[in-house]
Amino acid sequence: MASEDVKPSESAVSTIVNLAGEAKLAREGVVKAPSLAVLSVCKSLLAGGVAGGVSRTAVAPLERMKILLQVQNPHNIKYSGTLQGLTYIWRTEGFRGLFKGNGTNCARIVPNSAVKFFSYEQASKGILWMYRDKTGNEDAQLTPLLRLGAGACAGIIAMSATYPMDMVRGRITVQTEKSPYQYRGMFHALSTVLREEGPRALYKGWLPSVIGVVPYVGLNFAVYESLKDWLIKSRPFGLVQDTDLSVTTRLACGAAAGTVGQTVAYPLDVIRRRMQMVGWSNASSVVAGEGRSKAPLEYTGMVDAFRKTVRHEGFGALYKGLVPNSVKVVPSIAIAFVTYEMVKDILGVEIRISD
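Attention here is on the structure that accompanies the text. Quick caveat: nothing in here was measured; it's all calculated off a predicted structure.

Focus: the overall build of the protein
A tally of helices and strands in the protein yields eleven helices and two strands. Helices and strands appear in the protein in the N-to-C order α-α-α-α-α-α-α-α-β-β-α-α-α. Here the protein holds 355 residues, and 49% of them are scored as buried. Within the protein, residue pairs in contact and separated by at least 24 positions form 76% of the contacts whose partners lie at least 6 positions apart. Carbon together with sulfur atoms contributes 64% to the accessible area of the protein, which is approximately 17,700 Å² in total.

Encoded structure:
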């Protein structure tokens, strides 16, 4: 009986000792306490959300111009170029017109960026763990190909989670003051599409988005992280002091990453936008125009959209809006990466995947 009475007390003492030991290890940075891990996740999500909102707002006029060029009919040209288009919007819709759809875009991009950056870090850690386990090398680091895979996973997860908001954002963005029907905002647009076109309409253009997000987001992360590692290890032209990159150097890395990713994936972005307009009767004022040989607005799928676009408008139509997109994607991606890392530094979150 005595021995049986002792066991519970011994178990309690053992539990207390174990908890104290884990708390000590957490304070020393050897392991993370559960509460600290949750806090780290929240900080990472916050940093990603802030990065997305800041970067997209900074280039909102160029983003709207890109979408308008992507979907307009070539036989009823209203926007002949980036500067002319921005000037036309300013003259006809005022300053607010330049930022039309930005509220919806931020409502989408904040959770999108938060999930994307967080997913990238978690995917990177998981891939690195499997890679080290497979190779038996505990000091192995992520290769560019593995970073590409982690970035692709992050992009697909984030895009799929927020795609309905992106779909209605595209429609709100192409509205003008003279459009026959106005979506009053994101929630009104979501409810209207759901009621008039059904739930599947909210995912129109999802497939080209998934295909496009693999090279776009994957290459963004792979190029950015690889450039950073190369600069830190080789230290060319005295750009790196100790093991830290300056904000200017990080901006350059982000700009290079954005340029590579958007160039490869851009045709899929054009097709995605055009598919999002299908089924919206009032898109005719923007997309169909009054051209005599206008291209059909109905597509049976991604391949059909590619085929009809190239047949009626030529191969160059797959790169409509590339100029404003190129101008905006470089600062947008660069600002997003730098803002993300600066916010995480302020919040005191460890960002090195290899740790």
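Description of empty space enclosed by the protein
In this structure the tally under the stated criterion is three cavities of 30 Å³ or more. Residue lining of the largest cavity: 40 residues in total, with Arg-56, Val-213, Tyr-216, Val-217 and Arg-272 positioned closest to the centre. Only helix H2 (34–58), helix H3 (60–71), helix H5 (102–135), helix H6 (144–174), helix H8 (206–234), helix H9 (247–277) and helix H11 (322–347) provide two or more residues apiece to the lining of the largest cavity. With eight residues, H8 is the single largest residue contributor to the lining of the largest cavity. Partitioned by chemical class, the residues of the lining of the largest cavity number 17 nonpolar, twelve polar and eleven charged.

Brief notes about the packing of H3 against H9
At their nearest, the axes of H3 and H9 sit 9 Å apart, and the two run at 75 degrees to each other. The angle between H3 and H9 falls in the class roughly perpendicular. Judged by residue contacts, Glu-63, Lys-66, Ile-67, Gln-70 and Val-71 of H3 engage Tyr-266, Asp-269, Val-270, Arg-273, Arg-274 and Met-277 from H9. A breakdown of the residues in the contact of H3 with H9 according to their chemical character gives five nonpolar, one polar and five charged.

So, the packing of aromatic side chains
By the definition in use, this model includes seven aromatic pairs. Ring centres of Trp-90 and Phe-95 lie 6.1 Å apart, and the angle between their planes is 85 degrees; this geometry places the pair in the edge-to-face category. Phe-95 shares its class with Trp-90; the two are exposed. Taking 5.2 Å as the distance between ring centres and 45 degrees as the angle between the ring planes, the aromatic pair formed by Phe-95 and Phe-99 counts as tilted. On the basis of relative accessibility, which here comes to 52%, the residue Phe-95 falls in the exposed class.

Quick look at the nonpolar core
Grouped together as the largest cluster of nonpolar side chains are 26 residues, with contacts concentrated most on Phe-117, Phe-221 and Phe-337. Mapped onto this core, the elements with two or more residues apiece are H2, H5, H6, H8, H9 and H11. In terms of residue count, the dominant contributor to this core is H8 (eight residues). In this view, Phe-221 contacts Lys-116, Phe-117, Tyr-120, Arg-147, Gly-151 and Phe-337; residues no more than four positions away in its chain are not counted. If you look at the next biggest cluster of nonpolar residues, it comprises 14 residues, including Met-159, Met-165, Met-186 and Leu-190.

Quick word on the pattern of salt bridges
Within the structure shown, the criterion is met by 20 salt bridges. A salt bridge links Glu-63 to Lys-66; its shortest N-O distance comes to 3.5 Å. Of this pair, Glu-63 and Lys-66 both sit in helix H3, separated by three residues, roughly a single helical turn. A salt bridge links Asp-166 to Arg-108; its shortest N-O distance comes to 3.5 Å. Of the two residues, Asp-166 sits in helix H6 while Arg-108 sits in helix H5, which places them 58 residues apart along the sequence.

Procedures and definitions
Position numbers for residues start from 1 in each chain and track the written sequence from start to end. The predicted nature of this model means local features are confined to residues of pLDDT at least 70 and side-chain atom pairs, given and counted, to a pLDDT of 80 or more, with totals for whole chains, interfaces and linings taken over all residues. Calculated side-chain values reflect all of the structure's heavy atoms, with hydrogen atoms and water omitted. For helices the rule is a DSSP run of H or I covering at least 4 residues; for strands it is a run of E covering at least 2, with both sets numbered from the N terminus onward. For each residue, the accessible area found with a 1.4 Å probe, counting protein chains only, is set against the maximum for its type, and the residue is called buried under 20%, exposed over 50%, and partly exposed in between. Whether two residues are in contact is decided by their heavy atoms: any pair within 4.5 Å suffices. Note on areas: Shrake-Rupley with a 1.4 Å probe; residue coverage comes only from the protein chains shown. The definitions used throughout rest on a 1 Å grid laid over the protein atoms alone, on which a cavity is an enclosed set of points accommodating a 1.4 Å probe that cannot get out and a pocket is an open set flanked by protein within 12 Å on both sides along at least five of seven lines; lining residues are those having an atom within 4 Å of a point. Grid points are joined across faces, edges and corners, and a volume is the space filled by probe spheres set on the points. Asp, Glu, Lys and Arg are counted as charged, while Ala, Val, Leu, Ile, Met, Phe, Trp, Tyr, Cys and Pro are counted as nonpolar; the rest, among them Gly, fall into the polar class. To obtain an axis, a line is fitted to C-alpha atoms, over the contacting stretch when the element is a helix, and the angle between two such axes runs from 0 to 180 degrees between their N-to-C directions. The cut-offs work like this: below 35 degrees is roughly parallel, past 145 is roughly antiparallel, 65 to 115 is roughly perpendicular, and the gaps in between are oblique. When the centres of two rings from Phe, Tyr and Trp lie within 6.5 Å, Trp using its six-membered ring, the rings pair. Their planes under 30 degrees apart give stacked, over 60 give edge-to-face, and anything left gives tilted. We call a set of buried Ala, Val, Leu, Ile, Met, Phe, Trp, Tyr and Cys residues a nonpolar core when their side-chain atoms join them within 4.5 Å. By definition here, a salt bridge exists when the distance from a side-chain nitrogen of Lys or Arg to a carboxyl oxygen of Asp or Glu is within 4 Å.

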